[in-house]
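# Summary of the model geometry
Residues per chain, in single letters:
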Amino acid sequence: MTAPAIEILGLTKDYPVGFWRKRMRRSLDSLSLQVEEGEVFGFLGPNGAGKTTTLKLLMGLIFPTSGTARVRGRSIEDVAMHREIGYLPEQPYFYDYLSARELLSYYARFHGFSAAERRLRVDRSLERVGLTQAANVQLRKFSKGMLQRVGIAQAILHEPQVIFLDEPMSGLDPVGRREVRDIILELRRQGRTVFFSTHILSDAEMLCDRVAVLHQGKLQGIGAPGEIVSLELQGMEILFEAREGRALPGGLAQRATQTGGRYRIEVPEADIYGVLGQLKDCDARILSVSPVRPTLEDYFFRLVKSEPHPAYAVEVGAR
Amino acid sequence: MSRRSHDRTLRVAFIAIPVLFVAIASLQMRIDAQTAESGTQQDELIFTSGAMLKKMSLGYDSLLADVYWTRTIQYYGSRIGTHHAKFDLLYPLLDVTTTLDPNLVAAYRFGAIFLSEPAPIGAGRTDLAVQLVKKGIAANPGDWALYSDLGFLYYWRLKDYPDAAAAYFEGSKNPAAPTWMRLMAARVAEKGGSIDTSRMIWQQMYDSTTNPKIRKWLRTQLDGLTALDDEIHLNELAEEYRKRVGRYPISTREMREAGLLPGIPVDPAGYPYVIGYDGKAHLAPESPVQEPKQ
Amino acid sequence: MSALTAMPAVVAVNTFREAVRDRVLYNLIFFAFLMMGAAILVGQISIGIERLVIINLGLSAISAFGLVMAIFIGVGLVSKEIEKRTLYSLLAKPIRRWEFIAGKFGGLLLTLIVNTSVMTLGVLLALVYVGHPYNPYAKEVVIAVYFILLSLALVTALALFFSCFSSPMLSTLFTLGIYITGVFSEDIRGFGEVTNNKLLLAVTRVIYYMIPNFHNFNAIAIASHGQAIPFRQVWQNSLYALLYVVLILFAASAVFSRRNLK
């Protein structure tokens, strides 16, 4: 049994807030999880949930109030750990007076490659993210999408075993997003571990072996995307149309959503026959009856809505 | 095992910083000691005129004057009593100070005394002292004390009684000047180098100075003059003794027993005067009192 | 390249590159005009003090330009990287925080050395122009410039230190404040000694030893008059600057190593 690629143990981060900096705001509360080698792991949560805080803690940009973490067996405080990881920050910004190639060469120097090997790797990374043409253009002229690609390039430049990506799809057009997805899949094919945070759930559903959902600093759930949503209640969705001149039973009309002439109603499994009976009574035309497959999105919104003060989440100092 | 690498930096820094501060302070002390010992004054002062500095000071000249005045006192204070008591920089320092702030009268007065005083107490350059005081008078015509300083220089250092009298007279013209200045002018013209006149002048300097260190030094000068005066008196009495007894007295006790003295005279420090073989009175060897140099 | 300096050297070279691309070295053009103008002017007047004026003016300008550069770039060394978030991806690399600090310092120092060297050449050239092709004072001029560089290294370290936790504006004020205090530190001690207040005496003495004594490094007038600078002073000043720079970099590293980046 190999050691997990990423081990997070009770990681907690408090920020002092308020005018006198006396009160503490807990932006991450005792997060514990493990990511196995070769997994693509999604880290989900609405804005302000603590995703970026977690990544910054892992990278050593900020320091935990308590708890620790290990990557490939090495503590996050060990500078040697950084040799085996790559990191794409959220909204990356780089030295705008350098060209893409110069930036990558600069970063490559920190890994101790020979000059020839540096050149090779830089060229390869640029090609991988499709920036070979723009390699010698100064970064200050890059669009956001191009910067994102440079960011990915510098994260995979040294072929690390574990790659951390913070919102890798943000700012990309659909073509760019597809490219990033391809890169992630290729990394997985190469046996690397990818840990990325996102709030685009469809990407997570598609790419991830497992996901963790974070909300207000707390871990809400962890497992394969399918596992998480199966925690929710199953039910059935009925699509129907009302007959001309025939009114629907009041209760039904209230629970259904209407678009044009069509109605849609979600019904718990137990009530199916009862509702169908009501519809039969008012001679409604049944269009379809299908099981509701709750998505990660629904799980998400339920999670967010259940909190009385969603605006609270914006106060996090991680920005 | 938490916070390993970051705390290590802190721990090393925590130890290294005080150690380094101590090392730096020691090095600085060594540098200062060697600068003082070798006597090389690395002050750019030697080479910069006051006028140039004034321009460079961009309006902060009076502040800079204070800096240089403090440096002057530092310079003097650090050298007095050492065997390197040469005061080559005293005049340039005072000149720069007074160029930056021509109204810093204390500087002129300080220069009047210590530029003219011979080594090892002063620079021994009466010419520079006169030059400085005249500069002061030009910039501060209403300051009668400077005239008295000039008078002092001519009288005591240069033995130039006519010029001294003239200085006192000029000063006395100032309505704010005290009445003794005119008297002094007359007296100097008339009596020249008598000890009484000298006494008066030194006493005048003493009374008009507020600086405690200078006052202390002036006090010693006055005591020296008192001793001189006493010695002259004793010499006269010794001659009288010789006339009566046929030889010079060997001590002041003999003179007292002969009825010439009411008691045993002591110098201002309390030490009895001794009579030499030649009948001349001297200060006791242990006495700290010294006759003033001229 | 030893293991200790490998990472800092990488950062240093890049910091130098940034300064060059920021067109900081263009100040040399202005300096060139200044020296040329001075040389021509002084050459016309020809009252026997050409050498004096060229050296005084040249070295003072080197010191002043260098000071401005050290402070204005120095105060942004760390704060700019935090502000612009360029540090995020950098610190994810296998580099320690103190190595980053050392590298930033080295890069700005390198810039200053290059800048100062070119300027010194300019001064020496101006001296040739005004008719002193064989300059017996060349050695003293070079030593005086070396001392200026030492003082600039100290100022750089100070600015860098403040940059680790303070905004550029405040850092500038603090650095400038300490520099001016350091220039007059001997006088401050002097003030304390002429007062009769024991507390003031103690305080001024502490200030004197703790604030860097920049007066040690001022040899401009000495050089312009061709007075010899004893070797003892050269190594003492070097040691002083070294100790102080190391101290400040330790402090900067300590502060920066605990800083949570926003």
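About the cut-offs
Once a new chain begins, its residue numbering starts again from 1 and follows that chain's sequence as written. All chains are assigned letters beginning at A, and all ligands numbers beginning at 1, according to the order in which they are written. In view of the model being predicted, local features appear only for residues whose pLDDT reaches at least 70, and side-chain atom pairs are presented and counted only at 80 or more, with totals across whole chains, interfaces and linings using the full set of residues. For the purposes of this entry, the term helix denotes a DSSP run of H or I that reaches at least four residues, the term strand denotes a run of E that reaches at least two, and both are numbered from the N terminus. Both definitions apply: the radius of gyration is a C-alpha atom measure, and the globule rule equals 2.2 Å times residues to the power 0.38. The exposure scheme places C-beta atoms from the backbone and then counts, for each residue, the other C-beta atoms within 10 Å of its own, assigning buried at 20 or more, exposed at 12 or fewer, and partly exposed in between. We call two residues in contact when their backbone-placed C-beta atoms lie within 7 Å. Here a helix's expected span is defined as the number of its residues, less one, multiplied by 1.5 Å. Bend, at a single residue, is the angle you get between axes fitted to the 7 residues ending at that residue and the 7 residues starting at it. An automatic or database domain assignment provides the domain bounds reported here. Angular values range over 0 to 180 degrees, each being the angle between N-to-C directions of two axes fitted as lines to C-alpha atoms, with helices fitted over their stretch in contact. Orientation categories follow fixed angle ranges, with anything under 35 degrees roughly parallel, anything over 145 roughly antiparallel, 65 to 115 roughly perpendicular, and all other angles oblique. Residues are sorted three ways: Asp, Glu, Lys and Arg are charged, Ala, Val, Leu, Ile, Met, Phe, Trp, Tyr, Cys and Pro are nonpolar, and all the rest, Gly among them, are polar. Put simply, a nonpolar core is a cluster of buried Ala, Val, Leu, Ile, Met, Phe, Trp, Tyr and Cys residues tied together by C-beta atoms within 7 Å. Working definition: the arc comes from the directions between the helix axis and the C-beta atoms, pointing outward to the latter. Strands qualify as paired when DSSP identifies two bridges or more between them.

### Some details on the overall build of chain C
- Regarding its fold elements, chain C presents 12 helices and 0 strands.
- Secondary structure elements in chain C, listed N-terminal to C-terminal, are α-α-α-α-α-α-α-α-α-α-α-α.
- Relative to the compact-globule value of 18 Å for 262 residues, chain C shows a C-alpha radius of gyration of 20 Å, a close match.
- Its C-alpha atoms give chain C principal-axis dimensions of roughly 60 × 55 × 35 Å.
- Relative to its full complement of 262 residues, chain C shows a buried share of 49%.
- Put simply, 83% of the contacts in chain C that link residues at least 6 apart link residues at least 24 apart.

### Describing helix α1 (residues 3–21) of chain C
- Here α1 of chain C is 19 residues long and its end C-alpha atoms lie 28 Å apart, about the 27 Å a rise of 1.5 Å per residue gives.
- Helix geometry: α1 of chain C is bent most strongly at Ala9 of chain C, by close to 25°.
- Buried within α1 of chain C are the following residues: Met7, Pro8, Val10, Val11, Ala12, Asn14, Thr15, Glu18 and Ala19 of chain C.
- Next to the buried residues of α1 of chain C lie α2 (100–109) of chain A together with α3 (50–74) and α6 (97–129) of chain C.
- Following α1 of chain C by one or two positions, Arg23 of chain C adopts a phi angle in the positive range, close to 60°.

### Section: the environment of Asp271 of chain A
- On the secondary structure map, Asp271 of chain A appears in the loop between β13 (262–268) and α9 (272–281).
- Sequence separation of Asp271 of chain A and Val122 of chain A is 149 residues, and the distance between their C-alpha atoms is 61 Å.

### Description of the domain arrangement of chain A
- Looking at chain A, the domain boundaries give domain 1 (6–229) and domain 2 (235–292).
- Look at where the C-alpha atoms of domain 1 of chain A and domain 2 of chain A centre, and you get two points 46 Å apart.

### A few points about the packing of helix α7 (residues 144–157) of chain B against helix α8 (residues 161–172) of chain B
Residue and element names in this part refer to chain B.
- Two elements in contact, α7 and α8, have axes separated by 8 Å at closest approach and are oriented at 170°. Taken together, α7 and α8 sit at an angle that is classed as roughly antiparallel. Contacts from Trp144, Tyr147, Ser148, Leu150, Gly151, Tyr154 and Tyr155 in α7 reach Tyr161, Asp163, Ala164, Ala167, Tyr168, Glu170 and Gly171 in α8.
- Residue composition of the contact of α7 with α8, grouped by class: 9 nonpolar, 3 polar and 2 charged.

### Some words on the interface of chain B and chain C
- Taken residue by residue, the interface counts 25 residues in chain B and 32 residues in chain C.
- Listing elements by their share of the side of chain B that touches chain C, those giving two or more residues are α1 (4–38) and α3 (61–79) of chain B.
- Of the residues forming the side of chain B that touches chain C, the biggest block, 16 residues, is contributed by α1 of chain B.
- In terms of residue class, the side of chain B that touches chain C is built from 14 nonpolar, 9 polar and 2 charged.

### Section: the nonpolar core
- Core analysis: the largest hydrophobic core is formed by 148 residues, its most contacted members being Ala70, Val123, Ala144, Ala157, Ile248 and Ala252 of chain C.
- Sorting elements by how many residues they give to this core places helix α7 (residues 138–163) of chain C first, with 17 residues.
- Of all hydrophobic cores here, the second largest spans 51 residues; its members include Ala65, Ala107, Ala123 and Val133 of chain B.

### Some words on helix α9 (residues 185–194) of chain C
- Those residues of α9 of chain C not exposed but buried are Ser185, Glu186, Arg189, Gly190 and Gly192 of chain C. Buried residues of α9 of chain C, viewed axially, fall in a sector of 160°; they line one side.
- Summarising the contacts, the buried residues of α9 of chain C are in contact with α3 of chain B together with α8 (168–183) and α10 (198–210) of chain C.

### Description of the sheet that holds strand β11 (residues 235–241) of chain A
Residues and elements named next belong to chain A.
- If you trace the 4 strands from one edge of the open sheet to the other, you get β12-β13-β11-β14, paired in antiparallel fashion. The two strands at the open ends of the sheet, each matched to only one other strand, are β12 (257–259) and β14 (285–292). With direction set aside, neighbouring strand axes in the sheet form an average angle of 20°.
- Two elements, β11 and β14, share 7 bridges in a ladder whose sense is antiparallel.

### With respect to the sheet that holds strand β10 (residues 218–223) of chain A
All names here are of chain A.
- Ordered by their spatial adjacency, 6 strands build an open sheet running β6-β7-β8-β3-β9-β10, and the pairing between neighbours is mixed. Lying at the two open borders of the sheet, with one neighbouring strand each, are β6 (85–88) and β10. Strand-to-strand twist across the sheet, computed as the mean angle between neighbouring axes with direction ignored, equals 15°.
- As judged from the 4 bridges shared by β6 and strand β7 (residues 162–166), these two strands associate in the parallel manner. When the bridges of β7 are listed, Tyr87 appears paired with Phe164.

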